[in-house]
Amino acid sequence: MNGKDQEKFRKWFKPSWSYVIGAVLLSILQVVTLVVTQEPLGITSAFSFWAMRLQGVLGLGMPGHVEMVTQLLGARETLWFEDNLVTLRNLGIILGALLSALLASQFRLKKIKSGQQVLAAALGGLLMGYGSSIAAGCNIGAFFSGIGSMSLSGWVFGFFLFVGALIGGKLLLRFLI
């Protein structure tokens, strides 16, 4: 890269973007997602497809499970990576986050501090996964899609999400940091 290209790179990728820019980009992503997939932004529904297909490949599927998930999610049992737009979007989010961290020179592999940190992360991930499963969605679908469609439930969810984040932050500071 020459000097002018490096200057442009530093201008767009080195400093953090403002919350306004982030909000505008998320809004645009929500609209594009709605137009392309004909459904609101969501993440967790793909995990059911992944688990269902993995169970089938490993021969562990329960009788009637495929039909139940298909009926609940309104989709075909054959959906896999290349056929499922939610899965493709999930992979795009993961790769996009990696790319943005790399471009901003913020990607770091960090040393695990303690077994307590690993246990807390694993327990938190399991609880979040279980919660999103029994709630039939995650905070992306409930919050962003709810507010984007002008639903009161999105705003109510957002309020309690904020309260939960405050409580979770206090617990994190008290017990893990």
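Up top is the structure these notes are about.
The following paragraphs examine the structure supplied in this document. (Residues numbered from 1 in each chain as written. Predicted model: local features only at pLDDT ≥ 70, side-chain atom pairs only at ≥ 80, totals over all residues. Heavy atoms only, no water.)

1. Structural notes on the overall build of the protein
Within the protein, the secondary structure is distributed over eight helices and zero strands. Each helix and strand of the protein, placed in order from N terminus to C terminus, yields the pattern α-α-α-α-α-α-α-α. Within the protein, the proportion of its 177 residues that are buried is 16%. Nonlocal contacts in the protein, meaning residues at least 24 apart in sequence, comprise 61% of its contacts between residues at least 6 apart. Carbon and sulfur atoms provide 71% of the accessible area of the protein, an area that totals close to 13600 Å². (Helix = DSSP H or I, 4+ residues; strand = E, 2+ residues; numbered from the N terminus. Buried < 20%, exposed > 50% of the residue type's maximum accessible area, 1.4 Å probe, protein only. Contact = heavy atoms within 4.5 Å. Areas by Shrake-Rupley, 256 points an atom, 1.4 Å probe, with all protein chains shown as cover.)

2. Here's the deal with helix α3 (residues 45–58)
When the terminal C-alpha atoms of α3 are compared, their 21 Å separation across 14 residues agrees well with the 20 Å that a helix rising 1.5 Å per residue should span. Within α3, burial applies to Ala46, Phe49 and Met52. All buried residues of α3 lie within an arc of 125 degrees about the axis, which places them on one face of the element. Once α3 ends, the next one or two residues include glycine 59, with phi positive near 70 degrees. (Expected span 1.5 Å × (residues − 1). Arc of directions from axis to C-beta.)

3. Some remarks on the packing of aromatic side chains
Enumeration according to the criterion identifies one aromatic pair in this entry. Seen in terms of ring centroids, phenylalanine 159 and phenylalanine 160 are 5.0 Å apart; in terms of plane orientation they differ by 80 degrees. Their pairing is edge-to-face. (Phe/Tyr/Trp six-rings, centres within 6.5 Å; stacked < 30°, edge-to-face > 60°.)

4. Structural notes on the side chain of asparagine 90
Turning to its location among the elements, asparagine 90 is positioned in helix α5 (residues 85–103). With near-sequence residues (within four places) excluded, asparagine 90 lies in contact with Gly42, Ile43, Ala46, Phe47 and Trp50.

5. A look at the layout of surface pockets
As a volume, the second largest pocket reaches approximately 370 Å³. As for the second largest pocket, its lining consists of Trp17, Gly22, Leu25, Leu26, Leu29, Leu88, Arg89, Gly92, Ile93, Gly96, Ala97 and Ser100. Counting only elements with at least two residues in the lining of the second largest pocket, the list comes to α2 (19–37) and α5. The greatest single-element share of the lining of the second largest pocket, amounting to seven residues, is contributed by α5. Taken together, the residues of the lining of the second largest pocket sort by class into seven nonpolar, four polar and one charged. (1 Å grid on protein atoms, 1.4 Å probe; cavity = no way out; pocket = protein on both sides within 12 Å on 5 of 7 lines; lining within 4 Å. Points joined across faces, edges and corners; volume = space filled by probe spheres on them. Nonpolar A, V, L, I, M, F, W, Y, C, P; charged D, E, K, R; others polar.)

6. Some thoughts on the packing of helix α7 (residues 139–148) against helix α8 (residues 152–175)
Contact geometry for α7 and α8: axes closest at 7 Å, N-to-C directions at 130 degrees. In terms of their interaxial angle, α7 and α8 are classed as oblique. For the element pair α7 and α8, the recorded crossing hand is left-handed. Counted together, Asn139, Ala142, Phe143, Gly146 and Ile147 of α7 and Gly154, Trp155, Phe157, Gly158 and Leu161 of α8 form the full contact between these two elements. (Axes fitted to C-alpha atoms, helices over the stretch in contact; angles between N-to-C directions. Parallel < 35°, antiparallel > 145°, perpendicular 65-115°, else oblique. Left-handed = near helix turned anticlockwise from the far one by under 90°.)

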